[in-house]
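# Observations on the model geometry
So you can see what is in the structure, the chains are spelled out below.
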Amino acid sequence: MQEYFIQVAIPVPMRQLFTYKLPESIPQTDIHVGQRVVVPFSHRTVIAIVININQQLPDNIDIKKIKTIISANQEQTQLPSSLLALLSLCANYYQHPIGEVMQTALPALLRKIDTPSALPNMQWFSCNEVNQDDIISMTKKAPKQYQLYKLLLQHNGLSWSELRTLGFSKSQLNTLEQKKIIVQKEVVTPTYKWQDGLNEKDKLSLSTEQAIIVSAIDNSLDHFSCHLIDGVTGSGKTEVYLQAMEQTIASNKQVLVLVPEIGLTPQTLSRFEQRFNVPIFLHHSGLNDAERLITWQQAHLGCAAIVIGTRSAVFTPLQKLGLIIIDEEHDSSFKQQDSFRYHARDIAILRARQLNIPIVLGTATPSFETLNNALQHKYQHHKLTQRAGNSIQSKITLIDIANQPLNFGLAKPVLEKMNNTLVRGEQVLVFLNRRGFAPAINCQECHWIAQCQRCNKPYTYHKGQGLLICHHCAGQKRLPSQCPECGSIRVTPIGQGTEQIEQHLQEQFKQFSTIRIDRDSTRRKGELAKILKQVTNKEHQILVGTQMLAKGHHFPDVTLVVMLDIDGALFSYDFRAAEHMAQLLIQVAGRAGRASKPGKVLVQTQYPQHPLLQDLVHNGYRHFAKQAMLERQYAGLPPFGYQALIRAEANFPSYPEKFLRTIASLNFEHCEVAGPMPAAMEKRAGKYRFHLLLQAKKRSFLHQALAQLLVNIENNEWAKKVRWSMDIDPLDLSW
């Protein structure tokens, strides 16, 4: 009998495929490329992905050592051939083990041996026959329940994950279900006529600039093209996305929308639900494993018209993908910073090229890589220079705080402007990219500072929890009642965090409501959507937050934005620091004056004459970007050069340095080598960290060097004594 052998990808840190034999009980016709199979590996059993099916065993393999697969999964969970090809390209480009790359494309439940069968897609619907007295009563006594009922009345079913993202609670659903106003049903893979789900009623009229962009995208739906929408904040990029999606959905093709953070999901989902009565599914870390599996299954079966997700959603197996949209394409959140260090934007562009479909990148502050491609005419560069409606671009003013006293981090002129804005009935946003109450605590007698011994960095004081928390390794300890060095009780916080600013503003402006929006205050599911809804309804007048508030949010009554503590990026050794700071400043400034009321932005700085700040304030982001890119070009830095960062860490400081020094001694042709050098944060979670930077003028030169490096590492005596990783096209040199 003919024997068949298969090559599979197994999620282990080895850059190779593994060969197994098919048992007689499993016919060759039951095995397909992309299928999940259960195989023995070492002393355990794992899920593997079939990559090749062969009739003959390669000559260099002993048949006696070949193991037999245990079973093959027959459910509809086979990875499409196009996605397999994409993942193989990613493994090759990012120099990462192919098994771990393949696993990234599978939801957590499909990585387990005992995988569930297809999960039911449960959705909520409004009932046909409803007691009108209950509806009248609800409009007066329970407006939130009435809002939920109206939403379900407009849509042909919504899932719990969608409703939770939109800010509704389980108790509201249960109450309406008990009154027989709504009902939950299983939706069994219907054949949707998506063209019937377009809502023309809420369609806005486009400006000339917007109409030209939509027309250009519509004309490219049958071939690959990359469109950069370079639009000032508030210029109506989302409306362009919505109208560009219409033709794709009308053709019964799917749309993938990537957003940088979960924080933008509620707002994006709300806009899309309002416009399209089609199946919309979510994919982000805020969902549980079962919810992510349902999204994966519905996309795979071709039942999800729109998938909205964060970076890992780029691997969703959409059967009829027709358009990809990436909002805030410049955002560093699209770059995975551990394990498989991919960039979702770059992979999305690669996927669009592979499928021969258009992709849209939208931002007010394009990354230099994207802007360079647009200027070289590799991408179609569309500009939106005017804000939508009557809103006017906010004016940025620099407040010199070098020679004036600060009241809890706020200058007196800033507090006066805030008061004037609040008295007019408008809202104020205070931005500080540092959560917690204070970044450190110290003893005023002996100057002791509470430091994390595993990171050699100060603990951040979180007053609400009464804890000192290390933001690097997540270590925690109770706030000491007295100094452990000298016994003094004069232990006080140093500096300000969002928690302290919130407390101070509550005391300063008692007649107004202050709300804090950061990772600590929005930890619970649905809390962010709830707070954003309250802000829109003007229940709070002062918003204090971190960069969660920097992108995409629309607050029509925010007319004053105050930015605190931005000076650190002006003197960073990371060459990208200026770019990231400029993007952040422009994005945060864009939250002001988005409706008809004019907005102002106050930036507190000790260096108001700094060339970067002066250029941004007087000439705008585009002028700054062109000047900064010219500097990069002279230095051969990205996007005019290509980099790889080799990281290494160990329990002893000499190990990673010796490991990287051996690599640095290799003769890399056409490559510059910097290092080894200690990381910006040399010690973290008890590990000592060093890195080595490779840079080349061409991608091919860099990858030749990396191939040479990988061969050397196999024979490197220090390789087993350190934990090392490779980051292609790194965004963060200060890891």
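Residues numbered from 1 in each chain as written. Predicted model: local features only at pLDDT ≥ 70, side-chain atom pairs only at ≥ 80, totals over all residues. Heavy atoms only, no water.

## What to know about the overall build of the protein
Note the cut-off: A helix here means a DSSP run of H or I that spans at least four residues, while a strand means a run of E at least two residues long, and both kinds are numbered starting from the N terminus. We take the radius of gyration over the C-alpha atoms and set the globule estimate at 2.2 Å times the residue count to the 0.38 power. Accessible area is worked out with a 1.4 Å probe on protein chains only. A residue is then buried under 20% of its type maximum, exposed over 50%, and partly exposed in between. Throughout, a residue-residue contact means that at least one pair of heavy atoms, one from each residue, lies within 4.5 Å. Accessibility throughout is a Shrake-Rupley quantity obtained with a 1.4 Å probe, and a residue counts as covered only by protein chains that appear here. Positive: Lys, Arg. Negative: Asp, Glu. His and the chain ends are not part of the count. Working definition for charges: the position is that of NZ of Lys, CZ of Arg, CG of Asp or CD of Glu.
Helix and strand counts for the protein come out as 19 helices and 34 strands. The C-alpha atoms of the protein give a radius of gyration of 28 Å, which matches the 27 Å a tight globule of 735 residues would have. Taken along its principal axes, the extent of the C-alpha atoms in the protein is 85 × 75 × 55 Å. Considering the protein as a whole, with its 735 residues, one finds that 55% of them fall into the buried category. Here the contacts in the protein between residues at least 6 apart in sequence split such that 77% fall between residues at least 24 apart. Carbon and sulfur atoms make up 48% of the accessible area of the protein, which amounts to about 32,800 Å² in all. Across the protein, the 79 positively charged side chains and the 63 negatively charged ones have centroids separated by 3 Å.

## Here's the deal with the sheet that holds strand β13 (residues 321-327)
Stated precisely, the cut-off is as follows: What makes two strands pair is DSSP finding at least two bridges between them. Axes, fitted as lines to C-alpha atoms, cover a helix only where it is in contact. Angles between the N-to-C directions of the axes lie from 0 to 180 degrees.
The parallel open sheet is built from seven strands, whose spatial order is β11-β12-β10-β13-β14-β9-β15. This sheet does not close on itself; its edge strands, each paired only once, are β11 (280-283) and β15 (380-384). Along the sheet, successive strands turn relative to each other by an average axial angle of 20°, direction set aside. Sheet topology places strand β10 (residues 254-258) next to β13; five bridges connect them, and they run parallel. When the bridges of β13 are listed, Val 257 appears paired with Ile 325.

## So, the packing of helix α3 (residues 132-141) against helix α4 (residues 143-154)
Worth spelling out the cut-off: Our angle categories are set so that under 35 degrees counts as roughly parallel, over 145 as roughly antiparallel, 65 to 115 as roughly perpendicular, and the remainder as oblique. Residue classes follow a fixed rule: Ala, Val, Leu, Ile, Met, Phe, Trp, Tyr, Cys and Pro count as nonpolar, while Asp, Glu, Lys and Arg count as charged, and any other residue, Gly among them, counts as polar.
Remark: α3 packs on α4, axes separated minimally by 6 Å, with the N-to-C direction vectors making an angle of 125°. It follows that α3 is oblique to α4 by the angle criterion. On the side of α3, the interface is formed by Ile 135, Met 138, Thr 139, Lys 140 and Lys 141, while α4 contributes Pro 143, Gln 145, Tyr 146 and Tyr 149. Residues that form the contact of α3 with α4 fall into these classes: five nonpolar, two polar and two charged.

## Some details on the pattern of salt bridges
Side chains bearing opposite charge may pair, as long as their charged atoms lie close to each other. Spelled out, the test is: Whenever Lys or Arg places a side-chain nitrogen within 4 Å of a carboxyl oxygen from Asp or Glu, that contact is recorded as a salt bridge.
Counted under the stated rule, the structure contains 20 salt bridges. For Asp 230, the salt bridge goes to Arg 622, with nearest N and O atoms at 3.4 Å. In this pair, Asp 230 sits in strand β9 (residues 225-231) while Arg 622 sits in helix α17 (residues 611-635), placing the two residues 392 residues apart along the sequence. With relative accessibility at 29%, the residue Arg 622 sits in the partly exposed group. Linked through salt bridges whose partners overlap, the residues forming this network are Glu 239, Arg 271 and Arg 275.

## With respect to the state of the cysteines
As a reminder, the rule being used: Two cysteine sulfur atoms make up a disulfide if the distance between them is within 2.5 Å.
Counted under the stated rule, the structure contains zero disulfides. Unpaired in this structure, Cys 470 has its nearest cysteine sulfur neighbour in Cys 473, at a distance of 3.7 Å. Residue classification places Cys 470 among the buried positions, given a relative accessible area of 1%.

## Some details on empty space enclosed by the protein
In plain terms, the rule: A pocket, in this scheme, is an open set of points on a 1 Å grid over the protein atoms alone with protein on both sides within 12 Å along at least 5 of 7 lines, while a cavity is a set where a 1.4 Å probe fits but cannot get out; residues line either one if an atom lies within 4 Å of a point. Grid points are joined across faces, edges and corners, and a volume is the space filled by probe spheres set on the points.
Summed over all chains, the structure comprises one cavity of 30 Å³ or more. The calculated volume of the largest cavity comes to roughly 80 Å³. Every residue lining the largest cavity is listed: His 330, Asp 331, Ser 332, His 343, Arg 345, Ser 367, Glu 369, Arg 576, Glu 579, His 580, Gln 583 and Leu 731. No other element matches helix α16 (residues 577-589), which puts three residues into the lining of the largest cavity. Considering only residue class, the lining of the largest cavity consists of one nonpolar, six polar and five charged.

## Things to note about the sheet that holds strand β5 (residues 71-72)
Pairing between sheet strands relies on hydrogen bonds along the backbone, with the strands arranged either parallel or antiparallel. The antiparallel open sheet is built from five strands, whose spatial order is β2-β1-β4-β3-β5. Two strands close off the open sheet at either side, each with one partner strand: β2 (18-21) and β5.

## Description of the nonpolar core
Counted only if it meets this: Buried Ala, Val, Leu, Ile, Met, Phe, Trp, Tyr and Cys residues form a nonpolar core when they are joined through side-chain atoms within 4.5 Å.
In terms of nonpolar packing, the biggest core is built from 75 residues, with Leu 258, Phe 315, Ile 324, Ile 359 and Phe 659 touching the most fellow members. The dominant element in this core, judged by the number of residues it contributes, is helix α19 (residues 699-714), at seven residues. With sequence-adjacent residues up to four places away left out, Ile 359 is seen in contact with Phe 224, Ser 225, Cys 226, His 227, Ile 324, Ile 326, Ala 348, Ile 349 and Ala 352. By size, the runner-up hydrophobic cluster in this structure holds 45 residues, among which are Trp 124, Ile 182, Phe 276 and Leu 323.

## What to know about unusual backbone geometry
Excluding glycine, residues mostly have negative phi values, and the peptide bonds linking residues are mostly trans. For the peptide bond that leads from Pro 638 to Pro 639, omega is 10°, which places it in the cis range. Within the secondary structure layout, Pro 639 lies in the loop between α17 and β31 (642-650). With an omega of 5°, the peptide bond running from Gly 675 to Pro 676 counts as cis. Of note, the phi angle at His 377 is positive, near 65°, even though the residue is not glycine. As for its position among the elements, His 377 is in the loop between α12 (368-375) and β15. In this structure, His 447 is a non-glycine residue whose phi angle is positive, near 70°. Within the secondary structure, His 447 sits in the loop between β20 (440-443) and β21 (451-452).

## As for α16
For an α-helix, the turn length of 3.6 residues means that residues three or four places apart are oriented alike. Using the following cut-off: Multiply 1.5 Å by the residue count of a helix minus one, and that product is the helix's expected span.
The terminal C-alpha atoms of α16 lie 18 Å apart, and with 13 residues this matches the ideal 18 Å at 1.5 Å per residue to within 8%. All buried positions along α16 are accounted for by Ala 577, Glu 579, Met 581, Ala 582, Gln 583, Leu 585, Ile 586, Gln 587, Val 588 and Ala 589.

## Some words on the packing of aromatic side chains
Going by this rule: Two rings belonging to Phe, Tyr or Trp (six-membered ring only in the last case) form a pair when the distance between their centres is within 6.5 Å. Interplanar angles under 30 degrees mark stacking, angles over 60 mark edge-to-face geometry, and anything in between is tilted.
Counted by the stated rule, this structure contains 14 aromatic pairs. Summarising the aromatic geometry, the rings of Tyr 94 and Phe 340 are spaced 5.9 Å apart at their centres and angled 80° between planes, so their arrangement reads as edge-to-face. Here the residue Tyr 94 occupies a position in the loop between α1 (81-93) and α2 (98-104), and Phe 340 occupies one in the loop between β13 and α11 (344-355), the gap between them amounting to 246 residues. In this structure, Tyr 94 and Phe 340 share a single accessibility class: buried. On the basis of an interplanar angle of 70° and a centroid distance of 4.9 Å, the ring pair of Phe 571 and Tyr 607 is categorised as edge-to-face. With a gap of 36 residues between them, Phe 571 in the loop between β29 (558-563) and α16 and Tyr 607 in the loop between β30 (600-605) and α17 connect regions that are remote in the sequence. Its relative accessible area of 38% is what places Tyr 607 among the partly exposed residues.

## Focus on the packing of α1 against α11
Short version of the rule: Two helices that cross are described as forming a left-handed crossing if the nearer one is turned anticlockwise from the farther one by less than a right angle, and a right-handed crossing if clockwise.
Running from N to C, α1 and α11 cross one another at 135°; their axes reach a closest spacing of 11 Å. Taken together, the axes of α1 and α11 lie oblique to each other. For the element pair α1 and α11, the recorded crossing hand is right-handed. Of the residues in α11, those in contact with Ser 82, Leu 83, Ala 85, Leu 86, Leu 89 and Cys 90 of α1 are Ile 347, Leu 350, Arg 351, Gln 354 and Leu 355.

## As for the side chain of Thr 268
Tracing the sequence through the fold places Thr 268 in helix α9 (residues 265-275). Of the residues examined, Thr 268 reaches a relative accessible area of 12% and is grouped as buried. Filtering out sequence-adjacent residues up to four positions away, Thr 268 remains in contact with Val 259 and Ile 308.

## So, the environment of Gln 476
Mapped onto the fold, Gln 476 is located in strand β25 (residues 476-478). Sequence separation between Gln 476 and Gln 604 is 128 residues; the distance between their C-alpha atoms is 32 Å. Ignoring sequence-local partners within four residues, the contact set of Gln 476 consists of Leu 467, Leu 468 and Ile 469.

## Structural notes on the pairing of strand β32 (residues 671-684)
Sheet faces and side chains relate simply in a regular strand, where the side chains alternate between the two faces. Strand direction decides the pairing type here: β32 and strand β33 (residues 687-696), joined by eight bridges, are antiparallel. Opposite Ala 674, over in β33, you have Leu 693 as the bridge partner. Between β32 and β33, which pair antiparallel and follow one another directly, the connecting turn spans two residues, one of which, Ala 685, has a positive phi of 50°.

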